[in-house]
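Fold and contact review
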Amino acid sequence: MDLKVDIDELLRERAPRYYRWIPRVLIRAMERYVCQDRLNEILRVTAGLTGSDFAAGALAELSVSYSVESGAENVPARENRRVTYVCNHPLGGLDGICLIDWVAKHHGVEPAFVVNDLLTVVTPLNNIFVPINKHGRQSRGAVADVDEAFANLERPVIMFPAGLCSRQVKKGAEICDLKWNKMFVQKSAEAARAVVPLRFIGQNTPEFYRFARRRERCGMKFNLEMLRLPRELVLGEGSHYGLRIGRQIAPEDLNRGHGAVAQAQEIRNYIYTL
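Residues numbered from 1 in each chain as written. Predicted model: local features only at pLDDT ≥ 70, side-chain atom pairs only at ≥ 80, totals over all residues. Heavy atoms only, no water.

**Some points on the nonpolar core**
The biggest cluster of nonpolar side chains holds 38 residues, and the ones touching the most others in it are Leu 94, Trp 102, Phe 113, Leu 198 and Tyr 241. Apart from the residues lying within four places of it in its own chain, the contact partners of Leu 94 are Leu 59, Leu 62, Val 64, Leu 233, Gly 236 and Tyr 241. Core analysis: the next-biggest nonpolar cluster, separate from the first, contains 27 residues, Ala 191, Leu 254, Ile 267 and Tyr 272 among them. (Core = buried A, V, L, I, M, F, W, Y, C linked by side-chain atoms within 4.5 Å. Buried < 20%, exposed > 50% of the residue type's maximum accessible area, 1.4 Å probe, protein only. Contact = heavy atoms within 4.5 Å.)

**A look at the packing of aromatic side chains**
With the rule as written, the count across this model stands at six aromatic pairs. Seen in terms of ring centroids, Phe 200 and Tyr 241 are 5.4 Å apart; in terms of plane orientation they differ by 40 degrees. Their pairing is tilted. Here the residue Phe 200 occupies a position in strand β6 (residues 194-201), and Tyr 241 occupies one in strand β7 (residues 240-245), the gap between them amounting to 41 residues. For the pair Phe 200 and Tyr 241, a shared accessibility class is recorded, and that class is buried. Joined through ring pairs, the aromatic side chains of Phe 113, Phe 129 and Phe 160 make up one cluster. Residue placement shows Arg 20 over the ring face of Trp 21; its charged tip is 4.7 Å from the ring centre. The ring centre of Tyr 19 lies 4.5 Å from the NZ or CZ of Arg 24, which sits over that ring. (Phe/Tyr/Trp six-rings, centres within 6.5 Å; stacked < 30°, edge-to-face > 60°. Helix = DSSP H or I, 4+ residues; strand = E, 2+ residues; numbered from the N terminus. Lys NZ or Arg CZ within 6 Å of the ring centre and 35° of its normal.)

**Remarks on the pattern of salt bridges**
In total, this model carries 14 salt bridges according to the counting rule given. Glu 41 is the partner of Arg 44 in a salt bridge, and the nearest nitrogen-oxygen pair spans 2.7 Å. One end of the pair, Arg 44, and the other, Glu 41, are both in helix α4 (residues 36-45), three residues apart, so they sit about a helical turn from each other. The salt bridge involving Arg 81 is made with Glu 154; its shortest N-O contact spans 3.3 Å. Of this pair, Arg 81 sits in the loop between β1 (65-70) and β2 (83-87) while Glu 154 is found in the loop between α7 (140-151) and β5 (157-159), placing the two residues 73 residues apart along the sequence. What you see here is one network of salt bridges that share partners, running through Asp 8, Glu 9, Arg 12, Arg 24, Arg 28 and Glu 31. (Salt bridge = Lys/Arg side-chain N within 4 Å of Asp/Glu carboxyl O.)

**Things to note about the environment of Met 30**
Inspection of the secondary structure assignment puts Met 30 in helix α3 (residues 24-33). When the C-alpha atoms of Met 30 and Leu 227 are compared, they prove to be 10 Å apart, with 197 residues separating the residues in sequence. Beyond its immediate stretch of four places on either side in the chain, Met 30 contacts Ile 7 and Leu 11.

**Quick notes on the sheet that holds β7**
Pairing is mixed in the open sheet, where seven strands are placed in the order β1-β7-β6-β2-β5-β3-β4. At either end of the open sheet lies a strand with only one pairing partner, and these are β1 and β4 (129-132). Between one strand axis and the next, the sheet turns through 30 degrees on average, direction left out of account. By the bridge criterion, four bridges tie strand β3 (residues 112-116) to β4 in an arrangement that is parallel. Its bridge partner being in β4, Phe 113 is matched across the sheet by Phe 129. The sheet strands contacting helix α8 (residues 183-190) are β2, β4, β5 and β6, and the helix crosses β2 at an angle near 170 degrees. (Pairing = 2+ DSSP bridges. Axes fitted to C-alpha atoms, helices over the stretch in contact; angles between N-to-C directions.)

Next up, the structure:
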């Protein structure tokens, strides 16, 4: 079955007790808000494609491009796949698609991308995604899958260590990631992988950051702004983004112990100097 965005069907399946009471005009408004028609057109054009082919097809349909702005000399050799690429997460969608395309083209293999398990709904990328539960305990299967991804030295690994896409904590402040998770430091050290820090140059619309700040001021814990990310992806149509490549960090310089937390933040801070 072809992948399709269908807000009406989603509400019918996930909220059957309340579905009959939801005004149709509200459902139509939700469909317009998430740009359902454009998303389905992208899925129609890329139907049958999987992995990096799907990523390349989506970028082509959206007329989105990217280029390495600086640090090309830091890119690992094509045959060196024993690397973990870690990057800031400014967009929440297109940045990941660009990274999949770039890493796959450079190394000639499909990367493994550690992601929030909510993204498994994007089934064309399930041969690349390694899902983890960001909001709860990991199942044994999920832990094993992550360990296997890092142990497979024939596939590069990609991670957004912040998990969430970047935020603007107050109006006028720099748009940047929140705290980075230490997992990439520990797992890369255990698997003898070098870490390659990346900075992705781009940002969402100002409305996204205002929405997030209002949600936080209201004391709401649920990441409600993620519901806007499909719209942000469509609004990025026609954009060009930049990649800045940082110096590789050798496996022997990675901290397996308590210092992994501090080192993760040091690497996060470093990418914002690129």
